[in-house]
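Reading the structure
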Amino acid sequence: MRPKDLAVSHEDTIIWVSGSIGFDKIPSIFEGSPTMKVVTGVIGNDIHVVANRLMDLSLNARGYEVFNLGVNTHLEEFFDAAVETGADILLISSLNGEAEGWGREVKIHKAKYKSLDGLTMMIGGNLTVGSGNADDIVPRFKNYGFDLVCHQIDLNTGLDMLEAHLQEKLQEESQA
Amino acid sequence: MSGSSETNSANDKLLIDIGSTYFKVSTSGSIEQHFRDFNKRILDDLLHKSGETVQRFNAKDIHICSSANGGLSTLIIGLTQSYSLKYATNIAYNSGINVIDSLIFQNIEDYSIPSDLIDVVIIVGGIDSNSGLFDDRLNQYLAKLNYSNAVYVGNAQDGAKMASTVKRLVVLPNIIDDRLHIVEKHLKDYLTNLYQQDIEGKEDIKHLYEITDNQIFSTPFVVNKSLPLINASFSVTDPFILLDIGGATTDVHYSKDLVTDNIVTEQGHDRIVFKKLGVYKSRQSLIFTAEQNEYAYELLMHLKVTENIYEEHSDKATKILMQLAIFLVLCKMSHYRPAYVTLKLLAMNSIVFTGGITKVLNTEDVEDVVAFFYRKILNSDHKPRTVLDTNYDIWTLGAKDHAICQ
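Residues numbered from 1 in each chain as written. Chains lettered and ligands numbered in written order. Predicted model: local features only at pLDDT ≥ 70, side-chain atom pairs only at ≥ 80, totals over all residues. Heavy atoms only, no water.

**Some details on the packing of aromatic side chains**
Two descriptors summarise a pair of aromatic rings, namely the distance from one centre to the other and the angle between the planes of the rings. All names here are of chain B. Counted according to the given criterion, the structure contains 12 aromatic pairs over all chains. Centroid distance Tyr22 to Phe35: 5.4 Å. Interplanar angle 85 degrees. Geometry classified as edge-to-face. Pair noted here: Tyr22 is in strand 2 (residues 22-26) and Phe35 is in strand 3 (residues 31-35), with a separation of 13 residues, a long-range link. An aromatic cluster is built from Phe327, Phe372, Phe373 and Tyr374, whose rings are joined through pairwise contacts. It is Arg137 that lies over the ring of Phe105; its NZ or CZ is 4.6 Å from the centre. (Phe/Tyr/Trp six-rings, centres within 6.5 Å; stacked < 30°, edge-to-face > 60°. Helix = DSSP H or I, 4+ residues; strand = E, 2+ residues; numbered from the N terminus. Lys NZ or Arg CZ within 6 Å of the ring centre and 35° of its normal.)

Right, here's the structure in full:
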């Protein structure tokens, strides 16, 4: 059963939050395969912790193994955690445009690692200062090196997008 | 000594600290300090200068620590800077081991092979549910390396495989848990024991077992034990740092509150040892470090001397070198010349000095240098409270506490 949506108007939770409450274990699309590992956290000098906690709970409920680095996390720490854990997914959250500056350095930093080619890169939250336009923002962040970009999208929709992406990726790999 | 008719009461202990330059002998009523005679064995020198005191005690009541062994060296091979290398480096420093280099495994072919003998190689990386992280390149690197011990503290599955391929490899539990947190105990115990064996193995130190039944410990280990008790003897406000500037090395003990790193460990105080920063045995290396620091020249001007003081061997020169040592070690702990750890020095409330430096400098001399450092390097008038441990009370406190525990 899908967790109920939660309407929260608090500033630091507005984006990723309409997400999950209840957090019952829901059937994973990856039943039977090894548990997918996700490294997550809030990028940069950003202490918006509520949505980060809810994401942790939602990901766990969906059957992922979650490594939550918490708030104030720098890009190198995300990549380093992905190496140490052997993560499949890197899911970065951000609020009010903090990710913009850091996002530009993703390709440069990721290129230093030899074992992260298969890593699925996802970012979500409020990715600009103010409201912004997803039509501008999404391509910009994809160009920075992210596979999935969720600007002002609720948490469950974002995680559904992630599952669809992973399914597609698995199919491609099995056909190859 | 054992069997003496004039032995002291059961609670009285004799505490001895063997430094590179001085040795100290402390009883409940007095403390003696003697400059070492380097032409004699330590035991002979000790018995010559403090023989009467030593003979009043039973071997079981004599407790000795030494900082004269110089310490062990380690090379760390890990997967990432933020986790495996950072955690292993932290544990190594806290165990009194000098990290000579750390390298990231994925680029292992790019690193040159150190020519010196490495006392212990630490290999670390990955959580236990991750595996296959190290390959044959590690064996090839280690085959070219000259080392005495190797310890593996990474993911469990790779450890089991590596134990059969790497010579002299000790496999211990992972220092990274499944939440990416640090687990210190096993590696710290292993390194502390190795350090201990090194002290005991030193020819000069071995002879000291003729007068004591107790294990000989390293001085930084004993001093670190005293820090939670320091308020009993001094008006020190947390957070503080303690500088033990001696003849050969400088030990820095600091409150964990001063560190920006978010490693969660159990103890409240960490320590770091600068192996070649001292005013007697490491004099030349101290001068070299000073020559590389552009502010050192300004400090000399401030102290109204010139660089010619480096060539002098006088009381005045020793005093100036001591002041330089304070400045240089503060630089190493600041953002200006970072060496392993950068402390939030503007948040520091007290700075405590112990070791040979307190025999040469007075409070005014020390405060002058500390104020110069804050003004020049941190652009601040911040003035932490300066405390001089002129009677080695901090070491006595730690040694007594340790002796009671033994």
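**Notes on the interface of chain B and chain A**
By convention, interface size is frequently given as the accessible area that disappears when the constituent parts associate. Each partner contributes residues to the interface: chain B has 16 residues there, and chain A has 16 residues. Roughly 1,200 Å² is buried in total at the junction of chain B and chain A, and carbon and sulfur atoms are behind 47% of that figure. Together, Tyr83(B), Gln106(B) and Leu180(B) form the three largest contributors to the area buried by chain B at its contact with chain A, with a combined 40%. For the pair chain B and chain A, the interface holds zero salt bridges. The interface formed by chain B and chain A holds 10 residue pairs in polar contact (both at pLDDT 80 or more) in total. Classifying every residue of the side of chain B that touches chain A by side-chain character gives five nonpolar, 10 polar and one charged. (Contact = heavy atoms within 4.5 Å. Buried area = accessible area lost by both parts, 1.4 Å probe. Salt bridge = Lys/Arg side-chain N within 4 Å of Asp/Glu carboxyl O. Polar contact = N/O pair within 3.5 Å; in protein donor to acceptor, adjacent residues only side chain to side chain. Nonpolar A, V, L, I, M, F, W, Y, C, P; charged D, E, K, R; others polar.)

**A short note on the sheet that holds strand 6 (residues 120-125) of chain A**
All names here are of chain A. Strand order in the open sheet made by the five strands is 4-3-5-6-7, with parallel pairing throughout. At either margin of the open sheet sits one strand with a lone partner, and together these are strand 4 (65-68) and strand 7 (148-151). The sheet shows a mean angle of 15 degrees between the axes of neighbouring strands, direction not considered. Looking at chain direction, strand 3 (residues 37-42) and strand 4 are connected through four bridges and run parallel. Bridging from a neighbouring strand, Val39 pairs with Phe67 of strand 4. (Pairing = 2+ DSSP bridges. Axes fitted to C-alpha atoms, helices over the stretch in contact; angles between N-to-C directions.)

**Remarks on the pairing of strand 8 (residues 147-152) of chain B**
Residue and element names in this part refer to chain B. Where strand 7 (residues 118-123) and strand 8 come together, five bridges link them in parallel fashion. Pairing of Ile118 across the sheet is with Tyr147, part of strand 8. Assessed by its sense of winding, the connection that carries the chain from strand 7 through helix 3 (residues 136-144) to strand 8 is right-handed. Summarising the sheet, strand 8 and strand 9 (residues 169-171) pair through three bridges and their orientation is parallel. Looking at strand 9, one finds that Tyr152 is bridged to Val171. Read as a crossover between parallel neighbours, the route from strand 8 over helix 4 (residues 156-162) to strand 9 is right-handed. (Right-handed = clockwise from strand over helix to strand, strands pointing away.)

**Considering the environment of Asn68(A)**
All names here are of chain A. Along the chain, Asn68 turns up in strand 4. In this structure the C-alpha to C-alpha distance between Asn68 and Phe78, which are 10 residues apart in sequence, comes to 9.8 Å. Residues within four places of Asn68 in sequence aside, it is in contact with Thr40, Gly41, Asn52 and Asp56. Of the polar contacts made by the side chain of Asn68, one reaches the side chain of Asn52; its length is 3.0 Å. Separated by 2.9 Å, the side chain of Asn68 and the backbone nitrogen of Gly70 make a polar contact.

**Let's talk about the confidence of the model for chain B**
Parts of the model with low pLDDT should not have their predicted coordinates read in detail. The share of residues in chain B with pLDDT of 70 or more is 92%, and the mean pLDDT across the chain is 84. Taken together, the stretch residues 1-7 of chain B has pLDDT below 50 and engages in 15 contacts with residues farther than four places along the chain or on a different chain. (pLDDT = per-residue confidence, 0-100.)

**Focus on the environment of His48(A)**
Residue and element names in this part refer to chain A. Along the chain, the position of His48 falls in the loop between strand 3 and helix 1 (50-61). Sequence separation between His48 and Leu95 is 47 residues, and the spatial gap between their C-alpha atoms is 7.4 Å. Within the local environment of His48, its side chain forms a polar contact with the side chain of Asp46, the two groups lying 2.4 Å apart.

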